[in-house]
Amino acid sequence: MKFFKILLPILLIAPLLSSAQCRSFTKKKCLPQLDGYSQNDSFNSAVLIPGDEAELLLTFYDDKDYRLLICGHPILGEVEFEVLDTSEQMIYTNHSDDGSDKGNLFDFKVASTQQLIVRIRVPETETASTLIHEGCVSIMVGSKDM
Amino acid sequence: MKKKIRLLVLPLALGCAILLHSCVTGDGNESTETISETTNEQDDFKKEQIRKILYTIPSPMSMASLIKKAGANFDKELMNSVSGLSNYNTSSQQALNLGIYGADLSYSSMFDQDHEAILYLSAVQKLCTELGIEGAIDSNIYERLNAHMGDRDSVLNIVSETYFSLDIYLKKADREDLLALIIAGGWFEGLHLATAHLSAKTPELRQRVAEQKYAIEDLKKLLDSYEASDILTEVKKDVNEMAAAYAGVEINKGKTETSTDNSGTTVIGGSSEVVMSDETLALITEKIHTIRDKYTK
(Lines give C-alpha, C1' and ligand atoms only; values in the text may rest on other atoms or scores of the structure.)
Protein backbone atom coordinates (compact mmCIF):
# COMPACT_ATOMS: atom_id res chain seq x y z
CA MET A 1 0.00 0.00 0.00
CA LYS A 2 2.81 2.35 0.91
CA PHE A 3 4.42 1.53 -2.42
CA PHE A 4 1.33 2.72 -4.28
CA LYS A 5 1.08 5.86 -2.15
CA ILE A 6 4.52 6.76 -3.37
CA LEU A 7 4.03 5.54 -6.91
CA LEU A 8 0.66 7.10 -7.66
CA PRO A 9 1.74 10.75 -7.50
CA ILE A 10 4.72 9.89 -9.65
CA LEU A 11 2.47 8.24 -12.20
CA LEU A 12 0.21 11.24 -12.32
CA ILE A 13 2.91 13.87 -12.50
CA ALA A 14 5.44 12.18 -14.75
CA PRO A 15 3.48 12.38 -18.02
CA LEU A 16 2.86 16.08 -17.40
CA LEU A 17 6.56 16.60 -16.79
CA SER A 18 7.28 14.64 -19.92
CA SER A 19 4.88 16.80 -21.91
CA ALA A 20 6.37 19.97 -20.46
CA GLN A 21 9.85 18.76 -21.27
CA CYS A 22 8.72 18.09 -24.83
CA ARG A 23 7.52 21.67 -25.18
CA SER A 24 10.72 22.97 -23.68
CA PHE A 25 12.76 20.72 -25.95
CA THR A 26 10.87 22.00 -28.99
CA LYS A 27 11.40 25.64 -28.13
CA LYS A 28 15.05 25.31 -27.20
CA LYS A 29 16.36 22.70 -29.61
CA CYS A 30 14.02 22.69 -32.59
CA LEU A 31 12.84 26.24 -33.23
CA PRO A 32 16.38 27.56 -33.81
CA GLN A 33 16.70 25.19 -36.76
CA LEU A 34 13.90 27.07 -38.49
CA ASP A 35 15.99 30.22 -38.51
CA GLY A 36 15.06 32.32 -41.52
CA TYR A 37 11.61 30.77 -41.79
CA SER A 38 8.34 31.69 -40.11
CA GLN A 39 7.23 28.87 -37.89
CA ASN A 40 3.82 27.35 -38.24
CA ASP A 41 1.59 28.54 -35.42
CA SER A 42 0.85 25.12 -34.00
CA PHE A 43 2.72 22.79 -31.71
CA ASN A 44 3.17 19.23 -32.95
CA SER A 45 5.20 17.05 -30.69
CA ALA A 46 4.91 13.67 -29.06
CA VAL A 47 6.77 11.51 -26.67
CA LEU A 48 7.61 8.38 -28.66
CA ILE A 49 9.46 5.13 -28.10
CA PRO A 50 11.51 2.99 -30.54
CA GLY A 51 9.31 1.45 -33.21
CA ASP A 52 6.64 4.13 -33.03
CA GLU A 53 5.31 5.64 -36.22
CA ALA A 54 3.25 8.78 -36.72
CA GLU A 55 1.91 10.57 -39.75
CA LEU A 56 0.00 13.67 -40.60
CA LEU A 57 -1.46 15.38 -43.60
CA LEU A 58 -0.33 18.90 -44.43
CA THR A 59 -1.30 21.45 -47.06
CA PHE A 60 1.48 23.37 -48.79
CA TYR A 61 0.93 26.48 -50.90
CA ASP A 62 2.66 27.27 -54.13
CA ASP A 63 3.93 30.72 -53.20
CA LYS A 64 6.28 29.74 -50.40
CA ASP A 65 9.55 28.03 -49.67
CA TYR A 66 9.18 25.41 -46.97
CA ARG A 67 11.41 23.77 -44.44
CA LEU A 68 10.17 20.55 -42.90
CA LEU A 69 12.01 19.77 -39.69
CA ILE A 70 11.81 16.50 -37.81
CA CYS A 71 13.40 17.15 -34.48
CA GLY A 72 13.90 14.16 -32.22
CA HIS A 73 15.63 13.76 -28.90
CA PRO A 74 19.08 12.20 -29.43
CA ILE A 75 18.19 9.27 -27.20
CA LEU A 76 15.86 8.02 -29.95
CA GLY A 77 18.57 7.94 -32.61
CA GLU A 78 18.02 9.26 -36.13
CA VAL A 79 14.29 9.54 -36.67
CA GLU A 80 13.35 8.43 -40.16
CA PHE A 81 10.81 10.42 -42.14
CA GLU A 82 9.13 10.24 -45.49
CA VAL A 83 7.11 12.70 -47.54
CA LEU A 84 4.39 11.15 -49.72
CA ASP A 85 1.63 12.45 -51.93
CA THR A 86 -1.97 11.62 -51.10
CA SER A 87 -1.82 8.46 -53.21
CA GLU A 88 1.09 7.40 -50.99
CA GLN A 89 3.69 7.81 -53.74
CA MET A 90 7.07 8.45 -52.14
CA ILE A 91 8.47 11.91 -52.76
CA TYR A 92 11.29 12.14 -50.27
CA THR A 93 12.90 10.11 -47.55
CA ASN A 94 15.78 11.01 -45.29
CA HIS A 95 16.83 7.35 -45.17
CA SER A 96 19.07 6.29 -48.07
CA ASP A 97 19.23 2.79 -49.49
CA ASP A 98 22.82 2.49 -48.29
CA GLY A 99 21.68 3.19 -44.75
CA SER A 100 23.12 6.68 -44.59
CA ASP A 101 21.04 9.47 -43.18
CA LYS A 102 20.30 12.73 -44.99
CA GLY A 103 19.58 14.71 -41.87
CA ASN A 104 16.43 15.97 -40.28
CA LEU A 105 15.61 18.83 -42.66
CA PHE A 106 13.84 18.90 -46.00
CA ASP A 107 13.77 22.20 -47.87
CA PHE A 108 11.36 22.32 -50.79
CA LYS A 109 8.66 24.20 -52.63
CA VAL A 110 5.55 23.03 -54.44
CA ALA A 111 4.66 23.91 -58.01
CA SER A 112 0.97 23.84 -57.17
CA THR A 113 -0.86 23.89 -53.86
CA GLN A 114 -1.24 20.34 -52.62
CA GLN A 115 -1.57 18.12 -49.62
CA LEU A 116 1.30 15.88 -48.61
CA ILE A 117 1.69 13.17 -46.00
CA VAL A 118 4.59 13.29 -43.56
CA ARG A 119 5.36 9.96 -41.93
CA ILE A 120 7.94 9.53 -39.20
CA ARG A 121 9.37 6.44 -37.59
CA VAL A 122 11.53 6.02 -34.53
CA PRO A 123 14.07 3.25 -35.23
CA GLU A 124 14.09 0.11 -33.13
CA THR A 125 17.03 -0.19 -30.81
CA GLU A 126 19.30 -3.21 -30.93
CA THR A 127 20.58 -3.31 -27.40
CA ALA A 128 20.38 -5.99 -24.81
CA SER A 129 18.83 -3.53 -22.39
CA THR A 130 15.20 -4.07 -21.53
CA LEU A 131 14.78 -0.41 -20.62
CA ILE A 132 12.65 1.45 -23.13
CA HIS A 133 13.83 4.92 -23.96
CA GLU A 134 11.21 7.51 -24.68
CA GLY A 135 11.90 10.87 -26.20
CA CYS A 136 10.31 13.90 -27.74
CA VAL A 137 9.81 14.19 -31.49
CA SER A 138 8.58 17.44 -33.00
CA ILE A 139 7.32 17.87 -36.53
CA MET A 140 7.72 21.47 -37.53
CA VAL A 141 7.07 23.41 -40.70
CA GLY A 142 8.63 26.76 -41.47
CA SER A 143 7.82 28.87 -44.49
CA LYS A 144 8.95 32.03 -46.19
CA ASP A 145 7.67 33.95 -49.16
CA MET A 146 9.37 33.18 -52.45
CA MET B 1 4.76 -5.91 -32.65
CA LYS B 2 4.77 -2.47 -34.16
CA LYS B 3 2.08 0.06 -33.76
CA LYS B 4 1.21 3.15 -35.69
CA ILE B 5 0.30 6.34 -33.91
CA ARG B 6 -1.95 8.57 -35.90
CA LEU B 7 -0.99 11.42 -33.72
CA LEU B 8 0.64 12.64 -31.31
CA VAL B 9 -0.26 13.79 -27.84
CA LEU B 10 -0.21 10.89 -25.48
CA PRO B 11 -3.06 10.66 -23.00
CA LEU B 12 -2.40 10.52 -19.30
CA ALA B 13 -3.11 6.84 -19.09
CA LEU B 14 -0.63 6.14 -21.82
CA GLY B 15 2.05 8.15 -20.08
CA CYS B 16 1.38 6.27 -16.87
CA ALA B 17 1.60 2.99 -18.69
CA ILE B 18 4.95 3.89 -20.21
CA LEU B 19 6.36 5.10 -16.93
CA LEU B 20 5.06 2.16 -14.98
CA HIS B 21 6.47 -0.25 -17.44
CA SER B 22 9.81 1.49 -17.86
CA CYS B 23 10.40 1.84 -14.17
CA VAL B 24 8.92 -1.33 -12.80
CA THR B 25 9.11 -4.11 -15.36
CA GLY B 26 10.73 -3.20 -18.61
CA ASP B 27 10.02 -5.50 -21.55
CA GLY B 28 9.60 -3.62 -24.81
CA ASN B 29 7.02 -5.83 -26.42
CA GLU B 30 4.82 -5.90 -23.39
CA SER B 31 5.01 -2.15 -23.11
CA THR B 32 3.85 -1.75 -26.66
CA GLU B 33 0.86 -3.93 -25.99
CA THR B 34 0.05 -1.98 -22.86
CA ILE B 35 0.07 1.23 -24.85
CA SER B 36 -2.32 -0.19 -27.39
CA GLU B 37 -4.65 -1.31 -24.68
CA THR B 38 -4.65 1.88 -22.69
CA THR B 39 -4.95 4.32 -25.57
CA ASN B 40 -8.44 5.68 -25.87
CA GLU B 41 -9.20 5.48 -29.58
CA GLN B 42 -11.86 8.15 -29.49
CA ASP B 43 -9.55 10.59 -27.74
CA ASP B 44 -6.75 9.82 -30.15
CA PHE B 45 -9.03 10.42 -33.10
CA LYS B 46 -9.94 13.85 -31.79
CA LYS B 47 -6.32 14.72 -31.18
CA GLU B 48 -5.35 13.53 -34.62
CA GLN B 49 -8.06 15.56 -36.27
CA ILE B 50 -7.13 18.68 -34.38
CA ARG B 51 -3.54 18.17 -35.23
CA LYS B 52 -4.32 17.69 -38.83
CA ILE B 53 -6.57 20.71 -38.94
CA LEU B 54 -4.00 22.98 -37.39
CA TYR B 55 -1.78 22.29 -40.32
CA THR B 56 -4.38 21.93 -43.00
CA ILE B 57 -6.27 25.11 -42.30
CA PRO B 58 -4.18 28.18 -42.98
CA SER B 59 -3.57 29.95 -39.72
CA PRO B 60 -5.12 33.41 -39.37
CA MET B 61 -1.65 34.80 -39.90
CA SER B 62 -1.26 32.84 -43.09
CA MET B 63 -4.57 34.08 -44.47
CA ALA B 64 -3.72 37.68 -43.51
CA SER B 65 -0.41 37.25 -45.33
CA LEU B 66 -2.24 36.09 -48.44
CA ILE B 67 -4.51 39.13 -48.32
CA LYS B 68 -1.55 41.47 -47.92
CA LYS B 69 0.37 39.76 -50.69
CA ALA B 70 -2.62 40.14 -53.00
CA GLY B 71 -2.15 43.89 -52.81
CA ALA B 72 -5.34 44.58 -50.88
CA ASN B 73 -5.74 47.64 -48.66
CA PHE B 74 -6.52 47.46 -44.97
CA ASP B 75 -10.19 47.99 -44.18
CA LYS B 76 -10.95 48.44 -40.49
CA GLU B 77 -14.68 48.06 -41.08
CA LEU B 78 -14.27 44.46 -42.14
CA MET B 79 -13.10 43.40 -38.69
CA ASN B 80 -15.36 42.43 -35.82
CA SER B 81 -15.53 45.52 -33.62
CA VAL B 82 -14.07 45.06 -30.15
CA SER B 83 -17.00 47.08 -28.84
CA GLY B 84 -19.08 43.91 -29.08
CA LEU B 85 -16.85 42.04 -26.68
CA SER B 86 -19.28 42.20 -23.78
CA ASN B 87 -21.96 40.51 -25.87
CA TYR B 88 -20.16 37.19 -25.75
CA ASN B 89 -21.27 35.58 -22.54
CA THR B 90 -21.14 31.84 -23.11
CA SER B 91 -17.89 29.90 -23.37
CA SER B 92 -18.72 28.78 -26.89
CA GLN B 93 -19.40 32.35 -28.04
CA GLN B 94 -16.19 33.43 -26.37
CA ALA B 95 -14.15 30.65 -27.96
CA LEU B 96 -15.53 31.33 -31.44
CA ASN B 97 -14.91 35.05 -31.09
CA LEU B 98 -11.48 34.45 -29.66
CA GLY B 99 -10.71 32.83 -32.99
CA ILE B 100 -12.38 35.70 -34.83
CA TYR B 101 -10.53 38.40 -32.90
CA GLY B 102 -7.33 36.43 -33.33
CA ALA B 103 -7.79 36.55 -37.10
CA ASP B 104 -8.43 40.30 -36.88
CA LEU B 105 -5.31 40.69 -34.77
CA SER B 106 -3.31 38.96 -37.48
CA TYR B 107 -4.95 41.07 -40.18
CA SER B 108 -4.23 44.38 -38.43
CA SER B 109 -0.67 43.33 -37.59
CA MET B 110 0.02 42.30 -41.14
CA PHE B 111 -1.02 45.75 -42.36
CA ASP B 112 1.08 47.60 -39.74
CA GLN B 113 -1.99 48.82 -37.89
CA ASP B 114 -0.31 48.78 -34.52
CA HIS B 115 -3.03 50.65 -32.66
CA GLU B 116 -5.65 48.21 -33.90
CA ALA B 117 -3.37 45.31 -33.09
CA ILE B 118 -3.15 46.44 -29.48
CA LEU B 119 -6.95 46.71 -29.27
CA TYR B 120 -7.44 43.23 -30.68
CA LEU B 121 -4.72 41.76 -28.54
CA SER B 122 -6.55 43.21 -25.55
CA ALA B 123 -9.79 41.61 -26.77
CA VAL B 124 -8.04 38.28 -27.17
CA GLN B 125 -6.61 38.53 -23.69
CA LYS B 126 -9.98 39.43 -22.15
CA LEU B 127 -11.66 36.47 -23.78
CA CYS B 128 -8.85 34.21 -22.57
CA THR B 129 -9.50 35.50 -19.05
CA GLU B 130 -13.24 34.91 -19.42
CA LEU B 131 -12.52 31.37 -20.57
CA GLY B 132 -10.13 30.77 -17.69
CA ILE B 133 -7.12 30.32 -19.95
CA GLU B 134 -5.39 33.64 -19.27
CA GLY B 135 -2.17 31.77 -18.61
CA ALA B 136 -1.99 31.07 -22.32
CA ILE B 137 -0.91 34.63 -23.05
CA ASP B 138 2.51 35.92 -22.09
CA SER B 139 2.00 38.45 -19.29
CA ASN B 140 4.64 40.72 -20.89
CA ILE B 141 2.97 40.68 -24.27
CA TYR B 142 1.93 44.37 -24.20
CA GLU B 143 5.38 45.55 -23.21
CA ARG B 144 6.91 43.48 -25.97
CA LEU B 145 4.39 44.65 -28.55
CA ASN B 146 4.84 48.29 -27.56
CA ALA B 147 8.60 47.96 -27.69
CA HIS B 148 8.43 46.71 -31.28
CA MET B 149 5.79 49.03 -32.68
CA GLY B 150 6.59 49.85 -36.28
CA ASP B 151 8.69 46.74 -36.76
CA ARG B 152 6.31 44.48 -38.63
CA ASP B 153 8.45 41.37 -38.57
CA SER B 154 8.85 41.58 -34.80
CA VAL B 155 5.15 42.28 -34.27
CA LEU B 156 4.19 39.36 -36.49
CA ASN B 157 6.60 37.11 -34.63
CA ILE B 158 5.04 38.12 -31.33
CA VAL B 159 1.53 37.45 -32.66
CA SER B 160 2.62 34.13 -34.14
CA GLU B 161 4.27 33.20 -30.87
CA THR B 162 1.03 34.03 -29.08
CA TYR B 163 -0.86 31.52 -31.23
CA PHE B 164 1.83 28.95 -30.63
CA SER B 165 1.57 29.47 -26.86
CA LEU B 166 -2.24 29.30 -26.95
CA ASP B 167 -2.07 26.08 -28.91
CA ILE B 168 0.39 24.55 -26.46
CA TYR B 169 -1.59 25.75 -23.45
CA LEU B 170 -4.93 24.34 -24.58
CA LYS B 171 -3.43 20.99 -25.47
CA LYS B 172 -1.69 20.86 -22.13
CA ALA B 173 -4.93 21.78 -20.37
CA ASP B 174 -6.84 19.14 -22.36
CA ARG B 175 -9.17 21.83 -23.72
CA GLU B 176 -8.92 20.77 -27.34
CA ASP B 177 -12.69 21.03 -27.80
CA LEU B 178 -12.27 24.73 -27.03
CA LEU B 179 -9.39 24.83 -29.47
CA ALA B 180 -11.66 23.40 -32.16
CA LEU B 181 -14.11 26.29 -31.73
CA ILE B 182 -11.27 28.82 -31.77
CA ILE B 183 -9.96 27.26 -34.97
CA ALA B 184 -13.43 27.36 -36.52
CA GLY B 185 -13.86 31.03 -35.55
CA GLY B 186 -10.47 31.94 -36.96
CA TRP B 187 -11.18 30.11 -40.17
CA PHE B 188 -14.59 31.79 -40.59
CA GLU B 189 -13.06 35.24 -40.06
CA GLY B 190 -10.08 34.56 -42.31
CA LEU B 191 -12.35 33.47 -45.15
CA HIS B 192 -14.65 36.43 -44.50
CA LEU B 193 -11.72 38.85 -44.79
CA ALA B 194 -10.32 37.10 -47.85
CA THR B 195 -13.58 37.08 -49.77
CA ALA B 196 -14.27 40.70 -48.81
CA HIS B 197 -10.98 41.70 -50.44
CA LEU B 198 -11.55 39.84 -53.70
CA SER B 199 -11.49 41.85 -56.88
CA ALA B 200 -10.35 41.50 -60.46
CA LYS B 201 -6.91 42.57 -59.23
CA THR B 202 -6.56 39.67 -56.79
CA PRO B 203 -6.54 36.42 -58.79
CA GLU B 204 -4.09 34.77 -56.37
CA LEU B 205 -6.37 35.47 -53.44
CA ARG B 206 -9.27 34.00 -55.35
CA GLN B 207 -7.22 30.86 -55.89
CA ARG B 208 -6.48 30.67 -52.14
CA VAL B 209 -10.17 30.99 -51.38
CA ALA B 210 -10.84 28.08 -53.73
CA GLU B 211 -8.13 26.03 -52.03
CA GLN B 212 -9.98 26.28 -48.75
CA LYS B 213 -11.86 23.26 -50.02
CA TYR B 214 -9.01 21.26 -48.50
CA ALA B 215 -9.64 22.86 -45.13
CA ILE B 216 -13.42 22.64 -44.99
CA GLU B 217 -13.44 18.86 -45.22
CA ASP B 218 -11.02 18.60 -42.31
CA LEU B 219 -13.01 21.08 -40.26
CA LYS B 220 -16.08 18.89 -40.76
CA LYS B 221 -14.21 15.81 -39.59
CA LEU B 222 -12.91 17.60 -36.54
CA LEU B 223 -16.30 18.84 -35.40
CA ASP B 224 -17.94 15.49 -36.17
CA SER B 225 -15.51 13.83 -33.78
CA TYR B 226 -17.11 15.55 -30.79
CA GLU B 227 -20.35 14.70 -29.09
CA ALA B 228 -23.27 16.87 -30.00
CA SER B 229 -23.89 20.03 -28.03
CA ASP B 230 -26.05 22.99 -28.94
CA ILE B 231 -23.19 25.17 -30.12
CA LEU B 232 -21.33 22.36 -31.84
CA THR B 233 -24.48 21.32 -33.64
CA GLU B 234 -24.91 24.87 -34.86
CA VAL B 235 -21.30 25.24 -35.92
CA LYS B 236 -21.40 21.84 -37.63
CA LYS B 237 -24.50 22.88 -39.53
CA ASP B 238 -22.74 26.03 -40.70
CA VAL B 239 -19.62 24.15 -41.69
CA ASN B 240 -21.75 21.67 -43.61
CA GLU B 241 -23.40 24.55 -45.42
CA MET B 242 -19.97 25.93 -46.27
CA ALA B 243 -18.94 22.49 -47.50
CA ALA B 244 -22.04 22.41 -49.69
CA ALA B 245 -21.07 25.79 -51.10
CA TYR B 246 -17.60 24.40 -51.80
CA ALA B 247 -19.00 21.35 -53.57
CA GLY B 248 -18.73 23.26 -56.83
CA VAL B 249 -14.96 23.68 -56.42
CA GLU B 250 -13.13 20.99 -58.40
CA ILE B 251 -9.75 19.55 -57.46
CA ASN B 252 -8.06 17.78 -60.36
CA LYS B 253 -5.11 15.82 -59.09
CA GLY B 254 -2.47 14.49 -61.46
CA LYS B 255 0.72 12.52 -61.00
CA THR B 256 3.23 14.02 -58.59
CA GLU B 257 6.69 14.72 -59.99
CA THR B 258 9.79 16.19 -58.43
CA SER B 259 12.60 18.28 -59.87
CA THR B 260 15.30 20.63 -58.67
CA ASP B 261 15.40 24.35 -59.39
CA ASN B 262 18.47 26.49 -60.09
CA SER B 263 19.15 27.00 -56.41
CA GLY B 264 19.16 23.26 -55.77
CA THR B 265 15.83 23.29 -53.95
CA THR B 266 13.49 20.36 -54.52
CA VAL B 267 10.32 21.34 -56.36
CA ILE B 268 7.34 19.06 -55.87
CA GLY B 269 5.29 19.36 -59.01
CA GLY B 270 2.28 17.72 -60.51
CA SER B 271 -0.89 18.76 -62.15
CA SER B 272 -2.96 19.51 -59.09
CA GLU B 273 -5.52 22.10 -60.11
CA VAL B 274 -8.28 23.76 -58.12
CA VAL B 275 -11.07 25.26 -60.23
CA MET B 276 -13.85 27.55 -58.99
CA SER B 277 -16.54 29.21 -61.09
CA ASP B 278 -17.86 32.72 -60.48
CA GLU B 279 -21.17 31.26 -59.38
CA THR B 280 -19.52 29.03 -56.80
CA LEU B 281 -17.45 31.94 -55.52
CA ALA B 282 -20.57 34.06 -55.15
CA LEU B 283 -22.23 31.29 -53.18
CA ILE B 284 -19.21 30.85 -50.90
CA THR B 285 -18.95 34.59 -50.32
CA GLU B 286 -22.61 34.95 -49.44
CA LYS B 287 -22.53 31.96 -47.12
CA ILE B 288 -19.40 32.93 -45.19
CA HIS B 289 -20.60 36.47 -44.58
CA THR B 290 -23.94 35.19 -43.30
CA ILE B 291 -22.30 32.72 -40.93
CA ARG B 292 -19.67 35.15 -39.69
CA ASP B 293 -22.24 37.86 -39.04
CA LYS B 294 -24.33 35.43 -37.00
CA TYR B 295 -21.45 34.69 -34.64
CA THR B 296 -20.21 38.24 -34.26
CA LYS B 297 -23.46 40.04 -33.50
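Describe the overall build of chain B, with residues and values.
The number of helices and strands found in chain B is 13 helices and 5 strands. With 297 residues in all, chain B has 56% of them scored as buried. The long-range share in chain B, meaning contacts at least 24 apart out of those at least 6 apart in sequence, stands at 73%. Total accessible area computed for chain B in this model is approximately 12800 Å², and 48% of it derives from carbon and sulfur atoms.

Tell me about the pattern of salt bridges, residues and numbers included.
Under the definition given, this model contains 16 salt bridges over all chains. Connected through salt bridges with shared partners, the residues D62(A), R208(B) and E211(B) form a single ionic network.

An account of the pairing of strand β9 (residues 135–145) of chain A is requested, with residue identities and associated values reported.
All names here are of chain A. Most of β9 sits out of view: 9 of its 11 residues are buried. In this sheet, β9 lies alongside strand β1 (residues 38–39) in antiparallel orientation, the contact comprising 2 bridges. Its bridge partner being in β9, S38 is matched across the sheet by S143. Pairing analysis gives 4 bridges linking strand β2 (residues 45–48) to β9, with the strands arranged antiparallel. Within β9, the residue paired with V47 across the bridge is C136. Bridge analysis of strand β4 (residues 64–72) against β9 gives 9 bridges, and the strand direction is antiparallel.

What counts and what doesn't
Residue numbers restart at each chain and count upward from 1, following the sequence in its written direction. Lettering for chains starts from A, numbering for ligands starts from 1, and both go in the order in which the items are written. Where local features are concerned, this predicted model is filtered to residues with pLDDT of at least 70; where side-chain atom pairs are given and counted, the filter is 80 or more; whole-chain, interface and lining totals use all residues. No hydrogens and no water enter the side-chain calculation; it runs on all heavy atoms of the structure. Each helix is a run of DSSP H or I of at least 4 residues and each strand a run of E of at least 2, with the numbering of both proceeding from the N terminus. Type-normalised accessible area, obtained with a 1.4 Å probe on protein chains alone, sets the label of each residue: buried when under 20%, exposed when over 50%, and partly exposed for intermediate values. Between two residues, a contact is recorded if the distance between any of their heavy atoms is within 4.5 Å. With residues, only the protein chains shown are counted as cover, and all accessible areas are computed by Shrake-Rupley using a 1.4 Å probe. Just to be clear on terms, a salt bridge is a Lys or Arg side-chain nitrogen sitting within 4 Å of an Asp or Glu carboxyl oxygen. Any two strands with at least two DSSP-identified bridges between them are counted as paired.

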